[in-house]
Amino acid sequence: MDDFEKAIFFSFNPTVDANLKAQATAFVQQAKQSPTIIQACVEKLRYSQYAEVQFWCLQALEEIVKQRYSSLASQQRHLIRSSLLAAVCFYDRDASSAPAAPPFIRNKLAQVVVLLLCIEYPSQWPGAFVELISFLSKGPMVVDMFCRILIALDEEVISLEFQRSPAELALATRIKDAMRQQCIGQIAAAWYNLVAVYRSARPDLAALVLETMQRYVSWIDIGLVANESFIPLMLEILVSPQENRGLRGAAADCLLAVVSKRMDSSAKLALLRQLRLGPVCARLTSAEDGEFGSKLSALLTGFAAEILECGKERDTGDMLDEILPSVFYFMQHGDEDISSTTFLFLSNFVKSATGKQATHLRHILELIRYRMRYSADMKDALDVFDREGEEEEERMDEYRKELLVLFRSVYRVAPEVTTSFVKGVLVSILGSSGTPFEEVEAGFTLLYCLGEGVPESSLKADSGDLPEMLGAILTMTVPRTSHRAVAIVFLETVIRYVKFVQHHEAYVPAVLGAFLDGRGIHHPNPNVSSKAGYLFSRLVRTLRLQLLPYVDSILQSLQDTLCISAKKSSPEEKFYTFEAVGFLIGAEDLPRDKQEKYLSAVLLPLYQLVESTLASKVSYADGNQAATVALLQQIVLAINHFSKGFGEQLLVNSRPELGNTFKQSVDVVLRILLAYPRVDALRSKVISFLHRMVDILGSSVFPILPTAIRQLLLQSESKDLVEFIQLLNQLINKFKSAMNTIIQEIFPSVVDRVFFLLPKGSIPENVVSNTEEMRELQELQKAFFNFLHAVTSNDLSSVLRFQTGGRLNEIILLLLDSSCGHKDILVRKICVQVLSRLALDWCGTSTVVEQVPGFHRFVIDRFAADCCIRSILQASFNLNDANTVSLLNEIASAQKTLYERCGEDFLIQMATKVLPAVRCPPNMAEEYCLHIQRSDPKVLKTFYRNFAEKLRFQYNSGNQ
């Protein structure tokens, strides 16, 4: 190994000392500039025994051809071409004894040859492909290189699977046209001969030839490959079990390319009839699997799809009947990769199925049912729902997507056939207690899916397949409901058809039984019982009135479920049982005395549990605190869910005594917050609870709000403060000016806490460290702006005027800075709205006294100048963005407000100082002032956008 080769080795080796590697890299890079580099690369490529050296030389030649081939002397160009061809032929070495270069060397060599073809073919090198064909007799290694060159030509130049520029498309067209005229017939003949010669001795090489050919079928004359020689050869390879599987798969790919070639429908149909793939492939379907099975299935479905397309203009029913049994075979194949190849074709077939073809629909439905079953081996894993069961369910959900799309297609085409089929499946299931779980689950999944397209008129009907099915599943014993998967799909199916029960009230007791007994909420599997609680809440929302006569029995059945215990925590989904009960008890049709009784029966035990828990409060140092806090969280969740069934009209107006019971819940929950003020999860639950109480109790919560607000504000961090501000916004937007006293009291504390938590200056963007902390601060700032917006837009802006210690100045400057340059356009819009509203409230006029001294001058000198004019000149201000246009409209409206409040002072400042400073021509400034004075808001917004575009152009032109 000489120094040059050592340098190449060191430059490639990642384990070499960094200094030595850098020196080696510099040396080989400098070598590329040497006048003798071509000769050196040619020699090393031929004689070096090291693949790294050969690869480097090919890379260097590639760079030379790409960057300066046209400037080379003719002798140098000839040397490169002849050397590359010699390398393709392995320098005429004995093919049986010469060692094959590694694949990465052969691939790189093919890429460099293709690069040369792109430059020289056909003008300077018209016989390129003929020369390559003449070398094929030299043996397998040359055949391998011939294929790699054609594959590289397809990938780098011809294939439309990759995005191409117009120049690249023109190059591809030039090469394809030349090949069609000069050599593609010879290449196709070579393909045939090579496959025939090597199919037995080197099936891998014959497969590579077919893989190469498959890439070219789409644009060459189809007669070159679909002829009396080639088609029988490929079919013979395809059907022969003695042939290599890889070669048979390559033959399948080639035949698929042939049948998929775009051509006139009459010519395509003649080709398909000539191939007669149906009978051929029918002989293969008994035991084909793996990769070859997938390729064979793709060929069959591709062939069938082309028949279907031709059938739009001509009768192809006989051909479809011939091929469909094989397609059906592959659909029911145990390998899901193989079966899924049939779905798209069958979906298209179903959409166009008429007459005799419609007889296949029931068979397709049976195949869908067969393929969507879980494996019996997964029974236990799916029942306990361990990791294996969860993964299996996710896998099956994904696989079923296409199956159910096919099912829906059949239903749309033949609803009666589909409904009758599903009925037959369910009759079979209900008729045998020993039906396997996978059969029951699949059958109910089909019934559930059927419900997506069922019109309500069918659910009102008293007779027919669907009413009979639904009546049967509600009144007969459904087998295997002890299994988690079966129980859940059964309950979900009942909910899907709940409208049927609404129109047939006789089934209400049966439905209640399904949800309240061991099939639902009292199912031994906790996954089922919690899911049943959620589904039961949905049931109650729909059947609320129909269920009122059964409230006593429902509450009695749910008595154990409505008990919360410190011994066992429940999943949050289970608290939907409280929600369901709340919707029942909260119905105004329920008599007053029963309502009071039921309400107390649910809430009072929860209140007592809070009292007893807090009486034995666990300290922070006690290791049992987590269990206590978890119990309190469950109580708050339960009350929160329960309250969703009640409305303000009932609790405040119709039956205020019920509202008093809920007010008591507020006192109880606030005691929890006082006991554990710094438990974030608990604090969040309390805030969510207060949102609900505001919704259902209205202004009657006012007396208890100050205590709650003070406690929530205490020691709050950024995330806590965001949730708290969202609660304040709800209160302000609901009660508006009635909140004046409360907001007046707590506003200074909120502002102080916000400014304490926010960093001085702007919040850093794209911070690598403390990303979560920065995100929370950004959310806090945005929440604060929304808070200011709620305050100012609900006639509460007076609370800002009484800020002390310079806080008002800080707030106004933060609003101004953010309105001019905040990264979030929507935040900028909010800030503009707030400042505009403050201008409306605080600026004096000839008849109105200025509310905040100096604010009149501030909005003219700073807000109007910085936000309304200078900010829109920023390069980041994108007028093609919808949010930015919305912001621009808001700025236009703000200027109208400024003129209304500040009058001529505003226009004089803009016309004489602000606009001239940004190179606005006098005529534009005059037009601007006229529109501000006279135009209505809609016209002004249109003008201001055009004005902004012109002003940006003037400003940028002056800066160039």
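Refer to the structure printed above.
Residues numbered from 1 in each chain as written. Predicted model: local features only at pLDDT ≥ 70, side-chain atom pairs only at ≥ 80, totals over all residues. Heavy atoms only, no water.

> Is there a simple way to think about the overall build of the protein in this case?
In terms of helices and strands, the protein carries 50 helices and zero strands. The C-alpha radius of gyration of the protein comes to 39 Å, more than 25% above the 30 Å expected for a compact globule of 960 residues. The principal-axis extents of the C-alpha atoms in the protein amount to approximately 100 × 90 × 65 Å. Scored against the burial criterion, the 960 residues of the protein give a buried share of 52%. (Helix = DSSP H or I, 4+ residues; strand = E, 2+ residues; numbered from the N terminus. Rg over C-alpha atoms; globule rule 2.2 N^0.38 Å. Buried < 20%, exposed > 50% of the residue type's maximum accessible area, 1.4 Å probe, protein only.)

> Is there a simple way to think about the pattern of salt bridges in this case?
Note that side chains of opposite charge can pair when their charged atoms are close. Applying the stated criterion to the full structure yields 55 salt bridges. In this structure, the salt-bridge partner of glutamate 313 is arginine 314, at a minimum N-O distance of 3.4 Å. Taking relative accessible area as the criterion, glutamate 313 reaches 59% and is therefore assigned exposed. Given a relative accessible area of 36%, arginine 314 falls into the partly exposed group. Between aspartate 552 and lysine 594 there is a salt bridge, with its nearest N and O atoms 3.9 Å apart. Placement of aspartate 552 in helix H32 (residues 551-557) and of lysine 594 in helix H34 (residues 592-615) is noted, with a sequence separation of 42 residues between them. When its relative accessible area of 40% is taken as the criterion, aspartate 552 is described as partly exposed. On the basis of relative accessible area, lysine 594 is assigned to the partly exposed category, the value being 35%. Overlapping salt bridges bring together Asp154, Glu155, Glu211 and Arg215 as one network. (Salt bridge = Lys/Arg side-chain N within 4 Å of Asp/Glu carboxyl O.)

> Any chance you could explain the packing of aromatic side chains here in plain terms?
The description of an aromatic ring pair rests on the distance of the ring centres and on the angle between the ring planes. Tallied over the entire structure, the rule returns 28 aromatic pairs. Taken together, a centroid distance of 5.0 Å and an interplanar angle of 90° make the contact between tyrosine 121 and phenylalanine 129 edge-to-face. When the centroid spacing of 4.9 Å and the interplanar angle of 85° are considered together, the rings of phenylalanine 702 and phenylalanine 735 count as edge-to-face. Residue phenylalanine 702 is found in the loop between helix H38 (680-697) and helix H39 (705-713), and its partner phenylalanine 735 is found in helix H40 (residues 718-735); the two are separated by 33 residues along the sequence. Of the two residues examined, phenylalanine 702 and phenylalanine 735, each falls in the buried class. Ring pairing ties together the aromatic residues Tyr928, Phe943, Tyr944 and Phe947, which thus form one cluster. (Phe/Tyr/Trp six-rings, centres within 6.5 Å; stacked < 30°, edge-to-face > 60°.)

> I keep staring at the environment of histidine 522 and nothing clicks. Help me out?
On the secondary structure map, histidine 522 appears in the loop between helix H29 (508-516) and helix H30 (526-542). Sequence separation of histidine 522 and threonine 561 is 39 residues, and the distance between their C-alpha atoms is 8.4 Å. With residues near it in sequence (within four places) discarded, histidine 522 still touches Leu516, Asp517, Ser557, Asp560 and Thr561. (Contact = heavy atoms within 4.5 Å.)

> Which parts of the structure should I look at to understand the nonpolar core?
Generally speaking, soluble globular proteins have nonpolar side chains that are buried together. With 365 residues, the main nonpolar core has Met179, Trp191, Phe536 and Phe906 as its most contacted residues. In terms of residue count, helix H8 (residues 140-158) provides more of this core than any other element does, 13 residues in total. Once you skip the residues sitting within four places of it in the chain, tryptophan 191 turns out to touch Phe146, Leu150, Val209, Thr212, Met213, Tyr216, Ile220 and Phe230. (Core = buried A, V, L, I, M, F, W, Y, C linked by side-chain atoms within 4.5 Å.)

> Where do I start with unusual backbone geometry in this structure?
Only a minority of non-glycine residues have a phi that is not negative, and only a minority of peptide bonds are not trans. Tyrosine 121 connects to proline 122 through a cis peptide bond whose omega is 0°. You will see that phenylalanine 385, though not glycine, has its phi angle at about 60°, which is positive. Along the chain, phenylalanine 385 turns up in the loop between helix H21 (379-384) and helix H22 (387-413). A residue is classified by how much of its surface remains accessible, and phenylalanine 385, at 24% relative accessible area, is partly exposed.

> In this structure, what is going on with the layout of surface pockets? I would like to understand it.
A probe as big as a water molecule, rolled over the atoms, marks out the empty space that is left. When its volume is computed, the second largest pocket comes out at roughly 480 Å³. Taken together, 19 residues line the second largest pocket, and the ones lying closest to its centre are Ser159, Glu161, Gln214, Arg215 and Ser218. For the lining of the second largest pocket, the secondary-structure elements that each account for two or more residues are H8, helix H11 (203-216) and helix H13 (245-260). Across the lining of the second largest pocket, the residue classes break down as six nonpolar, four polar and nine charged. (1 Å grid on protein atoms, 1.4 Å probe; cavity = no way out; pocket = protein on both sides within 12 Å on 5 of 7 lines; lining within 4 Å. Points joined across faces, edges and corners; volume = space filled by probe spheres on them. Nonpolar A, V, L, I, M, F, W, Y, C, P; charged D, E, K, R; others polar.)

> Any chance you could explain empty space enclosed by the protein here in plain terms?
The tally for this structure, following the rule as stated, stands at two cavities of 30 Å³ or more. Taken as a whole, the largest cavity encloses approximately 50 Å³ of empty space. What lines the largest cavity is Val666, Leu670, Leu690, Met693, Val694, Val701, Ile704, Leu705 and Ala708. Only helix H37 (656-675), H38 and H39 provide two or more residues apiece to the lining of the largest cavity. Per-element accounting of the lining of the largest cavity gives the leading share, three residues, to H38. Taken together, the residues of the lining of the largest cavity break down into nine nonpolar, no polar and no charged. Considered as a void within the structure, the second largest cavity measures approximately 40 Å³ in volume. In terms of lining, the second largest cavity is formed by Leu470, Ile473, Leu474, Val494, Tyr497, Phe500 and Val501. At the level of secondary structure, the elements contributing two or more residues to the lining of the second largest cavity comprise helix H26 (465-475) and helix H28 (498-503). When residues in the lining of the second largest cavity are grouped by element, the largest group, three residues, is from H26. Partitioned by chemical class, the residues of the lining of the second largest cavity number seven nonpolar, no polar and no charged.

> Any chance you could explain the packing of helix H6 (residues 103-120) against H8 here in plain terms?
In helix packing, the relevant descriptors are the interaxial angle and the interaxial distance, both defined with respect to the helix axes. Between H6 and H8, whose axes approach to 8 Å, the crossing angle comes to 60°. Classified by the angle their axes make, H6 and H8 are oblique. Considering how the two elements wind past one another, H6 and H8 form a crossing that is right-handed. On the side of H6, the interface is formed by Pro103, Arg106, Asn107, Leu109, Ala110, Gln111, Val113, Val114, Leu117 and Cys118, while H8 contributes Asp144, Met145, Arg148, Ile149, Ala152, Leu153, Glu156 and Val157. The residue makeup of the contact of H6 with H8, split by class, is 12 nonpolar, two polar and four charged. (Axes fitted to C-alpha atoms, helices over the stretch in contact; angles between N-to-C directions. Parallel < 35°, antiparallel > 145°, perpendicular 65-115°, else oblique. Left-handed = near helix turned anticlockwise from the far one by under 90°.)

> Explanation requested: the side chain of histidine 504 in the structure shown.
Looking at the secondary structure, you find histidine 504 in the loop between H28 and H29. For histidine 504, a relative accessible area of 12% translates into the label buried. Only 2.9 Å separates the side chain of histidine 504 from the backbone oxygen of alanine 461, close enough to count as a polar contact. Look past the residues within four positions of histidine 504 in its chain and what remains in contact with it is Leu459, Lys460, Ala461 and Asp462. (Polar contact = N/O pair within 3.5 Å; in protein donor to acceptor, adjacent residues only side chain to side chain.)

> Explanation requested: the packing of helix H17 (residues 317-331) against helix H19 (residues 343-352) in the structure shown.
One way to put it is that H17 packs onto H19 with a least axis distance of 11 Å and a crossing angle of 135°. The orientation of H17 relative to H19 falls into the category oblique. The two elements H17 and H19 cross, and the hand of that crossing is left-handed. Between H17, through Leu320, Leu324, Val327, Phe328 and Met331, and H19, the contact on the second element is made entirely by Phe343, Phe345, Leu346 and Phe349.

> It is not clear to me how the state of the cysteines should be interpreted in this structure. Could you clarify?
What makes a disulfide is a covalent bond joining the sulfur atoms belonging to two cysteines. In this structure the tally under the stated criterion is zero disulfides. Free of any disulfide, cysteine 831 has its nearest cysteine sulfur in cysteine 867, 8.8 Å distant. (Disulfide = S-S within 2.5 Å.)

> Explain helix H24 (residues 437-450) here, please?
Residue pairs spaced three or four apart in an α-helix point in one direction, given the helix's 3.6 residues per turn. Across its 14 residues, H24 extends 20 Å between first and last C-alpha, which sits within 8% of the 20 Å expected from 1.5 Å per residue. When you tally the buried positions in H24, you get 13 out of 14 residues, the bulk of the element. (Expected span 1.5 Å × (residues − 1).)

> Can you walk me through helix H14 (residues 265-275) in this structure?
Listed in full, the buried residues belonging to H14 are Ser265, Lys268, Leu269, Leu271, Leu272 and Leu275. The buried residues of H14 occupy one face: seen down the axis, they fall within an arc of 160°. On its buried face, H14 is in contact with helix H12 (230-239), H13, helix H15 (277-282), helix H16 (290-310) and H17. One or two residues past the end of H14 sits arginine 276, with phi positive at roughly 45°. (Arc of directions from axis to C-beta.)

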